[in-house]
Each structure stands twice: as C-alpha cells, then as structure tokens.
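Chain residues, written in single-letter form:
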Amino acid sequence: MFEHEGNWGKALEYYDLQVRSGVSGKKDGNSRRLSLEQTGAANPLSFATDTDEMRQSRPYKGLIKSLQQIGCTHLLGLYCHGLTSSKGQLQHDLEFTELQYESAWRAGNWDFSLPSVGSFPPSTDDIKYDHFNENLHSCLRALQEGDLSDFQRRLKYSKQALVWTISHASEESTEYIYLTIIKIQMLQHIGMAWDLRWQYNSTMIGLQKQNVTSEPVIPSTEKLSRMDMDWCSILQRMQLHMNLLEPFIAFRRVLLQVLGCRDSMLQHLLQSASTLRKGSRFSQSAAALHEFKFLSVEMKEQSPSLYWLGRLEEAKLFRAQGQHEMAINLAMYISQSCHSDEEASNVYRLIGKWLAETRSSNSRTILEKYLKPAVSIADDVNTTDKKAMERKCQTHFHLAHYADALFRSHEERLNSNEWQAAMRLRKHKTIELEALIKRLRSSTKGERTDYAGKIQELQKQVAMDKEEAQKLQDDRDNFLSLALDGYNRCLVIGDKYDVRVVFRLISLWFSLPNRKNVVNSMLNAIDEVQSFKFIPLVYQIASRMGSSKDGQGPLNFQFALVSLVKKMALDHPYHTILQLLALANGDRIKDKQRSKSSFVVDMDKKLAAENLLNELSSYHGAIICQMKQMVEIYIRLAEMETKREDTNKRVTLPRDLRNLPALERVPVVTANISIDHSCQYPEGSFPHFKGLGDSVMVMNGINAPKVVECLGSDGCRYRQLAKSGNDDLRQDAVMEQFFSLVNTFLRNHQDTWKRRLGVRTYKVVPFTPSAGVLEWVNGTLPLGEYLLGSMRNGGAHGRYGIGDWSFLKCREHMLNERDKRKAFEEVCRNFRPVMHYFFLERFLQPAEWFEKRLAYTRSVAASSMVGYIVGLGDRHSMNILIDQATAEVVHIDLGVAFEQGLMLKTPERVPFRLTRDIIDGMGVTGVEGVFRRCCEETLSVMRNNKEALLTIVEVFIHDPLYKWALSPLKALQRQKEMDDDLDTSLEEPQNEYEGNKDAARALMRVKQKLDGYEEGEMRSIHGQVQQLIQDAIDPERLCQMFPGWGAWL
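Remember, predicted model here, so these are calculated numbers, not experimental data.

What counts and how
Residues numbered from 1 in each chain as written. Predicted model: local features only at pLDDT ≥ 70, side-chain atom pairs only at ≥ 80, totals over all residues. Heavy atoms only, no water. Pairing = 2+ DSSP bridges. Helix = DSSP H or I, 4+ residues; strand = E, 2+ residues; numbered from the N terminus. Axes fitted to C-alpha atoms, helices over the stretch in contact; angles between N-to-C directions. Parallel < 35°, antiparallel > 145°, perpendicular 65-115°, else oblique. Left-handed = near helix turned anticlockwise from the far one by under 90°. Contact = heavy atoms within 4.5 Å. Nonpolar A, V, L, I, M, F, W, Y, C, P; charged D, E, K, R; others polar. Buried < 20%, exposed > 50% of the residue type's maximum accessible area, 1.4 Å probe, protein only. Core = buried A, V, L, I, M, F, W, Y, C linked by side-chain atoms within 4.5 Å. Phe/Tyr/Trp six-rings, centres within 6.5 Å; stacked < 30°, edge-to-face > 60°. Lys NZ or Arg CZ within 6 Å of the ring centre and 35° of its normal. pLDDT = per-residue confidence, 0-100. Salt bridge = Lys/Arg side-chain N within 4 Å of Asp/Glu carboxyl O. Polar contact = N/O pair within 3.5 Å; in protein donor to acceptor, adjacent residues only side chain to side chain.

What the three strands build is an open sheet, ordered S9-S10-S11; its pairing is antiparallel. Edge positions in the open sheet fall to strand S9 (780-782) and strand S11 (889-891), since each of these has one partner strand only. When strand polarity is set aside, the average angle formed by the axes of neighbouring strands in this sheet is 35°. The pairing of strand S10 (residues 880-883) with S11 spans three bridges and is classified as antiparallel.

Quick look at the structure:
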C-alpha cells in the first residue's frame, strides 16, 4: 500500500520490520527443522521451499527499492554489498541481480559486477528474461570506456528483449508496456550519446569492431539539442507520472555525467529537482539539489542566475515539506543577494504569497514591500517570452488575490454585528456630545469647567472613531480597486487563472453594481480583455440585464453590462445569441402553466434582450433570423400535444415539422462548438441544422417529453430530448455549468486526474422558462430500468432475485407498516441486491470487467461528493443513468438542488444515493477501498478550491432567474402526492427578499460543507467522508425516505 501511494519512507520502515521479524522467525524455523530431522520426519516439498525463499527475499528487495526511491545511493550500495556477501541464495535471484545493477548504474559504479545469471549472449529461449539493468549498466560502462563491441552487443540484445516483452505483453498491462517504452527510449538516448562521445555511428552494428578516437569528445550544447528535445517531449507526455518518469530522470543524470556536459548537467539537475518536488518525491528532489549546489558553487561566477534559481528551488522544496519559516527566510536572503530583475520579481512574489498564506506579517508589509514591487519590476521587463509572460500573469494574480482577501476581510468587519454595535455606540456618543454642548451654553460659570472637560474627552473619542471608520472604508475601497485592476491585468496578460479570475470578477461586479470603481473596471475589461474569457458565464451575465436598481447616469452598471454582452455576441454569436433569445422569450409560458406562478418573468429583462437583439441585427441579422426559426421549431415540438396511449411509442411529426429548410447559419443546438479565440467561425467549422427526423419517441412523464433526432450537416444524427412543463430547464443548465467547472478543478489536480475522477455532463439549452432541449446521453440506461425493468416488475431483480419480493410489494409494505425501521429491515431481507450482474452480463473479459467496475465506483464516488456539496436531491433510480459502454453514472433531472430535498413533504435525509444495489456494483470491498479513497480525493480537491467554488455559487446566487426555494406545490408534485390539475393557490410568487434570503442560506450551507462542518462539528476530510457514508447507508435514515425513492433498491 505504501509503495502504491508513493510513501517510500513508510515502506522502508515496514520492510525493515519484516526483515527483522523474518530473521527471528528463521531461527525458530531452523530449530523446528532440526527437531523434524531428529524425529525422522519427511523434508518439505521443494515447491514449498522455493515459495518460502521467495517470501523471505521479498522484504530485502523491498528495502532496496525503498532506499533507491528515497535517494540514499551510498547507503544502498553498502547494503547491497552486504547482502551479496551474507545471502548466498540471493546471488541466483534474477530480480535481486537486476536491483543491484540498477543501484550500480544510478550511482555510477562501473566497477560493479556479479557472476552472470545465465549465458551471454542469451539464446533465443533466454531472451524473454529481463536483464535490462545489467545490460544498461554494461552499455553505460562501455560508453565511458569506449568499448564499441560490448556496447553494440548489449544494446542490440537489450532492444531485442524489450521488443519481445512488448510483443508478448497483454494489452491490459498498460503500465508495464509504458515502462518498457521508457526503457526503449533510454536505449535510444544511449545510442545517440555514443555518436556524440566517440564520433562514431553506432547504428552500423553489422560492422566489426573499429578503433574509436583516442580521446572522448565532450559534446557541445548545440549537439545535445536533439536529445534535449526528446527529453522535453517525454517530460511533457509523462505529466508527473513519477513511476515512469523517475527512472528516466536518473538515467539522464548518469548519461550527462558520463558525457561530461557540465552545463547541461546543471540544467538537468535543476529541472529534475523541480519535477521531483512537484511529484512529491521530496528526498530525491533534495538529493538533486544537493548535487546541483555542489556543482554550481564552482560556476557561480560564470552563471550566477542559475545558482540563485537553484537556491529558490530549495526554498520551494522547504515549503513543500512544510518548513514554511525556512522557506521564507531563504527566499528573503535570495531577494537581498540576487540582482536579476526577472528573478527578483518572482522572488518578491513568492515571499509575499508565502507570508500571506502563513499570516507571518502585516498586510502593509506584504503589499508594499513584496507584492507591489513584484508587479512593478515585472511590468518594467519588456519581453514576449511565454514563460516570462506566465510569471507576469502570476504576479498580477497574487497581488489581486491578496488585495481581494483584504477587501473581503474589511467588508466582513464593516458588516459584522460587532461593528454595527460600535456604530450605535458612536452615534450615542455623538448625541451625548451635542447634548453636553447645549448644556454648556446654558450652564453656570462653575459648571462650565466640568462640561468643558467632558466635551473635550468626548470630542477626542468621536474624532478617533470617525478616523477609524473612515480609514477602514478607505482601505476597503483601495483594496477593491487594487483587486479589480489586478484581475483585469491578469486576464489581459495570460490565461492560467482565467476560470478563477473571471468568476471572482463577475461576483465583485454583481455584488457591488453601484460603485463607480466597479463600473470603471467593467468598462476597462470590455476594452482590454478578450471576450471569449467571459463566455463560460454568458448565461449569468445576460440574465442580469434590465435591472432598474443598477445605478443611475449615462455610464452606469447596466450600460457596462449591455456593452459586455454586445461584445460577446459580436465576437461569439453562436455562444451568446441563444441566451438572448431565451431572455426575449421570458414571458412565453403555456396557457396551462400561466396561472401557476412557477416561473420568474421579468419584463425589463425581456425588453433589454429584445433591444440588444435589434441592435445586433445589423451585424448578425441572418444568424439571428435563422436562430429564431430554429427556436420556434423546438418550442412547437416540445409543446406538441400527444395522447396518453402514445407513451413509449413513435409518433410521426406534422408535415411542417418534417419538411424543414436547412439553416446553414445555425449549429446543431446540442453539438459542442469550440470557442475560437480569434472570433472566426467560417462555414464548415460546426455542423449546422439540416432538419429533424420524421418521427419522435414520446417518453413517459406528466408533460410527455419527446426524443427527436436532429440531422446535422456532418451526416450525424443528434438525439435530443425536447421538454416542456413545470420544470424550469434553466436550473438544470446552471447545475451542469457547476459540474463542468468542478471537472476543470478535478482535471487540474494530479491525483484526481490520474484516477479520471469527474462528473458526466450533458448540454441543456433552455428556450423559454418552460421549454427547451437536452442532449440525449447515448448508450445509457436508467439504473431503475436495468434493476426493475421499464414497468418495475422485471429487470435484473426479476432475472436473478428468484423468490424475492417484487419492487411494488416492497413499496406497499413500506407504505402500510407503521414501524418503518422494522419494515425496512424485512424488505431488505426479501429483496437482495443484484447490481454486480450488470458487469458480469456486459463485460465478459476479466480485465474489462475489472476496469468497468473501477470506472463505475470512481464515477459514483465523484458524483456523490459533488452532488452532496451542491445539495442535489431527488436521486431516485430513474434519475441516475448508467453508461452501458463505460459503466459511468450520469445524473439527470437536477431541479432539486441546494438541499431543497429537505423541503419535500417527506424530507430527504441522506446526503446522496448509496443504497444496497449501488454498493453491490462496487464488488466485495463495497464502500471501502476505491470508493472511500476517491470520495476523499474529490472532496479534498473541492475543499482546496473552496474559494473558487464559493465564488461560482455566489455568481449563481446573483442570477435573478434561478429559483432557490422549492415551492410547496412543486415539493408535493416531486413525490407525486397531488394531482397535476389541483388548484395552485398553495403557491405564491417568491418575492425578492425571500429569494435573496434563500440564496444566502444556500451559499452559507455550501461554505459549511467545504469547511468540513457536519452536525455542527468541523471534520477532517477522512472524518467528513466517513460521516457522509455512514449517513448515506444508515437504515434509520433510509427507512424514513419516500417509498417511491426505493431506499431498499
């Protein structure tokens, strides 16, 4: 386990304990064997003896691997030498021999040799045995000494052996194949190195040994360029897969050492230290830095900047190891000693960032002494170098981020109860002062002295209080301006922080629309920042148009907002105009639903959208005209009346919907259109709308959604779900947006990226408050349909649960029994889980079965954690789909979010769906192992990105179209306890104050979850996941769920 996690220090301790216990165990074993021989007992079988020897040798090999991975080269050499002399039987162990040769070539010990295990050159039968490290050691020694014959023979046979192993490897052994490819690349580099060192073409293997030049040549940096390019390519492709990358890093260090390339060696050691640090191989990174410092001290005069880069990397390593004070002190020493402007900016930035994170200094020092000078120096350096521009972007971001944190701190203080109480006290003091002044005028001469003293004292207090309040407000405004300017510059210069910055910037704009510096920031952003950076939030930005409260005057918030939307629409019409059309259709609600105040209708927004569309018509008139046609087609389709008997049948479309003209300027609405940064969308860059299929499939549901096929110009048929009814698809669109952003964070984190953790998403396009289109997720099946069948009377439970109760019987039993806990336990006894058959039925090869079950478990873990954070409810078995090809789960019908499930008639008390069938699909380990670890990794990433996620939710809060509270009628309809035509007087319009209050409550709960609060107590990530799993499988909670949810399923 420790090896798997890369915790080699713990692995070393464990193997050491095993070796010690093995030695004492061996003594006992010898005495027992002696007693058996004395009593004439038979000797153990040779197979048992071999197995015992293998078991005994495993801890020794583990110790060698651990020492090697930790970087204790000298200690490893001594240990291997000791083992060779004391453990005779290990000399004939091929794996042990390979480990020793690997240790030798890593240490540059070319005198090392062992008695050969097998003959060399190997016979055709022996080639399958792995002698890679022995051959590599021999090749490197031959390269050092110029022995061409031995070099060619070893290189040839090693390549043959590796090719043989790849050709005979199972396709399932991907990591082994990747490692073998890395070994082949190492041999390729050593072949190139021979040509450089001995000026001889090593590819001429067929020739006899020829004389090499008497003296080796030290290759120049230019001659090493091809090897360097290969190395950079490998480094990029490996993406911190340290098990694959680390052997090549060690090999390249030894190779450059043999070639004698001192400059390249220094560059490699510095790059290696950084890569190993990022891969959490701290001890190996420290070893690389130690060697770097030893070599660079002599060359400090020739290349001082490289020396200081090494010292800065050392400071970063200290910080990565948790030694924050040492990191900061070393960085401060570097800032005083290093005189390069480019590096000085980076050093100042890091010191400011680290001081802010550890709160080791006051804000004025951090800003004035480090972060502001870092920005100033970076701006003075005129360069177009990509890396330098990234650094400049980083510098602006860290200044803006810190200023933003200070702004929020001041804003919280000014809005706190303590500050309000202090303000009331100040007001009281001011009134008291005025009263004393009045009395002073009418007082006697003797009283005036007393009054004058008190007045003077109060005047000082009031003046001090005013000064403090004014300073706090001025500082707050200054920090806000600094943050806004920094964020704008960050967006202009680079793209590394686009997601975080855009969301935070929009949040600041929306929360402070009446401040002049906010409006100025918006106008600057419109002029300077490329519009594609705001496209991820086009829905929220456009939704804010038309609010009459957003400031007065010609250059107010609304003017800036409309200008931004107009710029986005001009540059990226296919990503913006549909949102404007949806706003313009804000009052289009079917007559049946008009009486129900289920939808937010804002005429100001409708008029603002229509006005902007009219303006845009002079630029994109043809696109807008065709998009309106397409929207009308889909609205008609969604609202098309069908008969009850048409459910689950194909229905032919009316002639006018079948014979549609091709709309060349309109993309297929559910196709993914890449955002073009150059704002060019030529013909053919996306599949356009060519019409609809002749018929639709009418699905089951109150509003009879229709599955339709849209014909694309690329020849594909895009399946879509046209939906119209009480559910507002704008809520689903917002949730899918949130999932996509969480996926961005999960992809950017090493551990979650390696595990391929993420939430499956699909496209949701609202056209009116009650109608829209969803992307049909091809190849999926509702979980409930697989388990129970479409009529809830068959499925997997019908096939495999012979003798079990039916779902309907279980539901009836739960409805009728008063003692819910007892009834639930009885249902569970008579309804066994069968989900594991899904994998046995569909994935017949063992490796594929294992891979898909793993993908399923990871998918359930990620979606459970993300769903919990956003309070996703109504997770019954028909709202979770399973992909029949990948086994990943897809969540649909996302209208109950932010813990609105607690408002249902029967409240949902579980954090996510983790019922017995869901767990059964994970295999024998259930929620332990993979599921729990993936939950912890997902939650860890979300907690680490807490600030960004809260900003995202905050932006959604400012979306005036999002309804945060579940109305009483909708709550009842969700659990189908009321007839659809029932009088809707229960539901009242949600006023603005209530909406804001619900939104603030939702944000507060999300923040509590990301802080780790459960039941009022703060938990660690492990503790929080443990609590959530416990709550999700708690029979006491499950038995109280609405019976239609199927808690036993």
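The structure having been displayed, the exposition proceeds.
This paragraph deals with the packing of helix H11 (residues 262-278) against helix H13 (residues 304-320). Relative orientation of the contacting elements H11 and H13 amounts to 15°, with a least axis distance of 10 Å. The orientation of H11 relative to H13 falls into the category roughly parallel. For H11 against H13, the interelement crossing comes out left-handed. Each of Leu266, Gln267, Leu270, Ala273, Ser274 and Arg277 in H11 lies in contact with H13, whose residues at this interface are Leu306, Leu309, Gly310, Glu313, Lys316, Leu317 and Ala320. Grouping the amino acids of the contact of H11 with H13 by side-chain chemistry returns seven nonpolar, three polar and three charged.

Turning our eyes to something else, we now look at the pairing of S10. Neither face of S10 is open: one carries Ile880 and Ile882, the other Leu881 and Asp883, and all of them are buried. Two elements, S9 and S10, share three bridges in a ladder whose sense is antiparallel. Paired with Pro782 across the strands is Leu881, a residue of S10. Linking S10 to S11, which pair antiparallel, is a turn of five residues; within it Ala887 sits at a positive phi near 70°.

Bringing the nonpolar core into the picture now. By size, the foremost hydrophobic cluster in this structure holds 207 residues, and its most contacted members are Trp509, Phe534, Ile541, Tyr634, Leu692, Phe738 and Tyr856. Among the elements that line this core, the one with the most residues is helix H26 (residues 603-638), at 15 residues. When residues no more than four places from it in sequence are discounted, the contact partners of Tyr634 are Val669, Phe689, Leu692, Cys710, Gln720, Phe767 and Val773. The next biggest cluster of nonpolar side chains, apart from the first, holds 52 residues, and it includes Trp105, Leu155, Leu244 and Leu245.

Right, let's talk about the packing of aromatic side chains for a bit. In total, this model carries 23 aromatic pairs according to the counting rule given. Counting every residue linked through ring pairs, the aromatic cluster contains Tyr786, Phe838, Phe839, Phe843 and Tyr856. The cationic tip of Arg426 hangs over the ring face of Trp419; the distance from NZ or CZ to the ring centre is 4.3 Å. Positioned over the ring face of Trp1045 is Arg913, at 4.3 Å from the centre of the ring.

Another point: the packing of helix H6 (residues 132-145) against helix H7 (residues 148-168). Following both chains from N to C, one finds H6 and H7 inclined at 155°, their axes separated by 9 Å at the closest point. One element, H6, and the other, H7, form an angle in the roughly antiparallel class. The handedness of the crossing between H6 and H7 comes out as left-handed. Across the interface between the two elements, Phe132, Glu134, Asn135, Ser138, Cys139, Ala142 and Leu143 of H6 pack against Asp150, Phe151, Arg154, Leu155, Ser158 and Leu162 of H7. Counted by class, the contact of H6 with H7 contains seven nonpolar, three polar and three charged residues.

Mean pLDDT over the chain works out to 84, with 86% of the residues at or above the 70 mark. Across residues 201-211, where pLDDT falls below 50, the model places 14 contacts with residues more than four positions away in sequence or in other chains.

Attention now goes to the pattern of salt bridges. One pass over the structure, following the stated rule, counts 54 salt bridges. A salt bridge links Arg106 to Glu102, with the shortest nitrogen-to-oxygen separation between them at 3.2 Å. Of this pair, Arg106 and Glu102 both sit in helix H5 (residues 94-107), four residues apart, which is roughly one turn of the helix. For Glu102, a relative accessible area of 12% translates into the label buried. Here Glu947 makes a salt bridge to Arg408, at a shortest N to O gap of 3.5 Å. Of the two residues, Glu947 sits in helix H38 (residues 946-957) while Arg408 sits in helix H17 (residues 386-415), which places them 539 residues apart along the sequence. On the basis of relative accessible area, Arg408 is assigned to the partly exposed category, the value being 22%. Members of the salt-bridge network, linked through shared partners, are Arg413, Arg426, Lys429, Asp465 and Glu468.

With respect to the helices, strands and loops of the structure, His891 is situated in strand S11. A distance of 3.4 Å separates the side chain of His891 from the side chain of Ser863, its partner in a polar contact. Setting aside its immediate chain neighbours within four residues, His891 contacts Glu736, Tyr762, Ser863, Leu872, Arg875, Asn879 and Ile880.

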